[in-house]
Amino acid sequence: MDGNRRYAKKRNLLDGAGHRSGYLALMNMLKYCYELGVKYATIYAFSIDNFRRRPEEVQSTMQLILEKIEDLIKEESMVNQYGVRIYFLGSLKLLSKPVRLAAERAMVATSGNSKSVLSICLAYTSSDEILHAVQECCGEKWDEGSALESKGAGNGLVFLKGNENGKIKPSIVVKDLEKHMYAAVAPDPDIIIRTSGETRLSNFLLWQSANCLLYAPPILWPEIGLWHLIWAVLDFQRNFSYLKEKTKLS
Ligand SMILES: CC(C)=CCC/C(C)=C/CC/C(C)=C/COP(=O)(O)OP(=O)(O)O
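Scoring rules and cut-offs
Residues numbered from 1 in each chain as written. Predicted model: local features only at pLDDT ≥ 70, side-chain atom pairs only at ≥ 80, totals over all residues. Heavy atoms only, no water. Helix = DSSP H or I, 4+ residues; strand = E, 2+ residues; numbered from the N terminus. Buried < 20%, exposed > 50% of the residue type's maximum accessible area, 1.4 Å probe, protein only. Contact = heavy atoms within 4.5 Å. Areas by Shrake-Rupley, 256 points an atom, 1.4 Å probe, with all protein chains shown as cover. Near = heavy atom within 4 Å. Polar contact = N/O pair within 3.5 Å; in protein donor to acceptor, adjacent residues only side chain to side chain. Pairing = 2+ DSSP bridges. Axes fitted to C-alpha atoms, helices over the stretch in contact; angles between N-to-C directions. Phe/Tyr/Trp six-rings, centres within 6.5 Å; stacked < 30°, edge-to-face > 60°. Lys NZ or Arg CZ within 6 Å of the ring centre and 35° of its normal.

K.L.:
Account for the overall build of the protein, naming residues and giving values.
P.N.:
A tally of helices and strands in the protein yields 9 helices and 7 strands. Scored against the burial criterion, the 250 residues of the protein give a buried share of 42%. Taking the intrachain contacts of the protein between residues at least 6 apart in sequence as the baseline, contacts between residues at least 24 apart amount to 69%. By element, 56% of the accessible surface of the protein is carried by carbon and sulfur atoms, the whole surface being about 14,200 Å².

Structural data, given as structure tokens:
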């Protein structure tokens, strides 16, 4: 959702008003997605790097996020109308207690919804997600090794195998790591939309975007509309569905 502050500047508004307009644009886009039958949407709401912004800005953005999480879980919200289950992805321990608790409440409150999944990346970066997955994975393998050791099957390092040079390496496979990614709650994305014309991924879903269309319309996020979404889907259908099929087959 790039360009909220530039949108505010362009219209002589405060930064906060840019993020509020950004939130309205997000609600419209999600509604279009659900009407079109998109089952999984993942949004980059706040990165770990965003914590380095001015403290007042971090505080006001978090205040907005808190307020909007509360709105999302209201009975009459769009999330409940469309049967959307919410997940928050990221190092939630970095959030203030009220925001973290609200995020946890939203995950519990929507856990009975099953039509679509909305993943909200908060205090997220892809490198942090990958590190988290590696740590969890090694911990799990270590526990498996220790369990075997207690059964007398060897030492606690049973998950480490020697290779032909006598060096040891953990027997971790791609699937082990993927299981521990925050984003494991959804399949890999088909399309990433990044506004303001930027074609960088800025540490978003780096692992999961290996076979993904990046659509980067030259507009600021609050200016996004239905036509941009349709254009992204048509672009994907024209160029990418064939490629995806090929990747699956090879
Ligand atoms: C509950 C929920 C999902 C709330 C979402 C609230 C929301 C719209 C957050 C966006 C925050 C953000 C850092 C946007 C990026 O624009 P920018 O600040 O980087 O703008 P710029 O590119 O013009 O500097």
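K.L.:
Just give me the short version of the environment of asparagine 28, but keep the residues and values in it.
P.N.:
Along the chain, the position of asparagine 28 falls in helix α2 (residues 15-36). Residue classification places asparagine 28 among the partly exposed positions, given a relative accessible area of 41%.

K.L.:
Mind laying out the site of the ligand, listing which residues take part and the relevant values?
P.N.:
The full set close to the ligand counts 16 residues, and Met1, Asp2, Arg5, Arg6 and Arg53 are the nearest of them. In the environment of the ligand, an oxygen atom lies 2.7 Å from a nitrogen or oxygen atom belonging to the side chain of aspartate 2. Interatomic distance of 2.8 Å between a side-chain N/O atom of arginine 5 and an oxygen atom of the ligand. Contact with the protein chains hides 94% of the accessible area of the ligand, taken as 630 Å² for the molecule alone.

K.L.:
Account for the sheet that holds strand β2 (residues 84-89), naming residues and giving values.
P.N.:
The strand order β1-β3-β2 describes an open sheet built from 3 strands, whose pairing is parallel. Each edge of the open sheet carries a strand with a single partner, namely β1 (40-47) and β2. Shown here is a sheet whose adjacent strand axes are inclined to one another by a mean of 20°, direction ignored. Here β2 runs beside strand β3 (residues 116-124); their pairing, made up of 6 bridges, is parallel. Counterpart to leucine 89 in the pairing with β3 is cysteine 121. Across the sheet, α2 lies against β1, β2 and β3, angled at about 145° from β3, the strand it touches most.

K.L.:
I'd like to hear about the packing of aromatic side chains, residue by residue, with values.
P.N.:
Applying the stated criterion across every chain, the model contains 6 aromatic pairs. Judged by centre distance (5.8 Å) and plane angle (85°), the ring pair of tyrosine 44 and tyrosine 124 falls under edge-to-face. With tyrosine 44 in strand β1 and tyrosine 124 in strand β3, the pair connects residues that are 80 residues apart, well separated along the chain. Neither residue differs from the other here; tyrosine 44 and tyrosine 124 are each classed as buried. Summarising the aromatic geometry, the rings of tyrosine 124 and phenylalanine 204 are spaced 6.2 Å apart at their centres and angled 75° between planes, so their arrangement reads as edge-to-face. Taken together, the positions of tyrosine 124 in strand β3 and phenylalanine 204 in the loop between β6 (191-193) and β7 (213-215) put the pair 80 residues apart, joining distant regions of the chain. For the pair tyrosine 124 and phenylalanine 204, a shared accessibility class is recorded, and that class is buried. Here a set of aromatic residues connected by ring pairs shows up, and it is made of Tyr44, Tyr124 and Phe204. Arginine 238 extends its terminal NZ or CZ atom over the ring of tryptophan 231, reaching a point 5.9 Å from the ring centre.

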